[in-house]
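# Descriptive structure summary
Residue-level listing of the chains:
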Amino acid sequence: TYTFKHALIQDTAYESLLKSTRQHYHQRIAIVLETQFPEMTEAQPELLAHHFTEAGLLEKAALYWYQAGQTAIERSAHVEAIAHLPRGVELLKTLPETSERTQREVDMLIALGASLIAIKGFAAPEVGQTYTYARQLCQSLENPRQLFPILRGLHTYYNVRAEHQTAYALGEQLLTLAQQVQDSIMLLAAHR
């Protein structure tokens, strides 16, 4: 255990460590927290996210940034969610492109869009940018579960901004998507 009389001394001591040593310490802290303190993992996932990020374990860090964002949303702490979720998105962008990675990134963007709406309003440019990017990513997934909230977010964004032609076109896409999902459900029910 180390104690420091001043934060600057602590920062200096931390910065004097080799990067590999710092990463090793962060990894050990994260693993101990994850395995021996599950209640802390659930209550403060951002703490694990920080340590996994600093340890260079980016996939696990992204998972915990997402959990931190979700926990913040559940507590209506949208400002915190807006701080956590983009960090997870940025980490995911550094990982190899896979459909799983893209799906996780879209999930984070959907959650981020909802928090941006809660804090900045439906017509904020960040809302449109977030949902537009999520839609671009979602095109390769063809997952209506993810596409529906994205289209709904974009529809509301354009409708509130009085861009009614774009909102109408998005509304048409939402209707088509809902009908496709309904048809597939009825098809599945008929085969049972």
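See the structure shown above.
Here's what I pulled together on the structure shown here.

Let us look at the packing of aromatic side chains. Describing an aromatic ring pair means giving the distance of the ring centres and the angle of the ring planes. By the definition in use, this model includes 2 aromatic pairs. Between F52 and Y64, the ring centres sit 5.6 Å apart and the planes meet at 5 degrees, which makes this aromatic pair stacked. Here F52, found in helix α4 (residues 45–55), pairs with Y64, found in helix α5 (residues 58–74); they are 12 residues apart in sequence, far enough to count as distant. Among the residues examined, F52 registers a relative accessible area of 1% and is labelled buried.

What follows is about the pattern of salt bridges. Going through the model one piece at a time under the given rule, you end up with 6 salt bridges. Of the charged contacts, one joins E105 and R101 as a salt bridge, the two residues approaching to 3.3 Å between their closest N and O atoms. Of this pair, E105 and R101 both sit in helix α7 (residues 99–120), separated by 4 residues, roughly a single helical turn. For E126, the salt bridge goes to K120, with nearest N and O atoms at 3.0 Å. Among the residues examined, E126 registers a relative accessible area of 29% and is labelled partly exposed.

So, on to the packing of α7 against helix α8 (residues 125–138). Where α7 contacts α8, the axes come no closer than 9 Å and their chain directions differ by 160 degrees. With respect to α8, the element α7 is oriented roughly antiparallel. For the pair α7 and α8, the sense of crossing is left-handed. Two secondary-structure elements touch here, α7 through T102, E105, V106, L109, I110, L112, G113, A114, L116, I117 and K120 and α8 through E126, V127, T130, Y131, Y133, A134, L137 and C138. Partitioning the contact of α7 with α8 into residue classes produces 13 nonpolar, 3 polar and 3 charged.

Next up on the list: unusual backbone geometry. One non-glycine residue, S76, lies in positive phi territory at about 60 degrees. With respect to the helices and strands, S76 occurs in the loop between α5 and α6 (78–93). Positive phi values are uncommon outside glycine, yet A162 reaches one of about 65 degrees. Its location among the elements puts A162 in the loop between α9 (144–160) and α10 (164–190).

The rules behind these values
Residues numbered from 1 in each chain as written. Predicted model: local features only at pLDDT ≥ 70, side-chain atom pairs only at ≥ 80, totals over all residues. Heavy atoms only, no water. Phe/Tyr/Trp six-rings, centres within 6.5 Å; stacked < 30°, edge-to-face > 60°. Helix = DSSP H or I, 4+ residues; strand = E, 2+ residues; numbered from the N terminus. Buried < 20%, exposed > 50% of the residue type's maximum accessible area, 1.4 Å probe, protein only. Salt bridge = Lys/Arg side-chain N within 4 Å of Asp/Glu carboxyl O. Axes fitted to C-alpha atoms, helices over the stretch in contact; angles between N-to-C directions. Parallel < 35°, antiparallel > 145°, perpendicular 65-115°, else oblique. Left-handed = near helix turned anticlockwise from the far one by under 90°. Contact = heavy atoms within 4.5 Å. Nonpolar A, V, L, I, M, F, W, Y, C, P; charged D, E, K, R; others polar.

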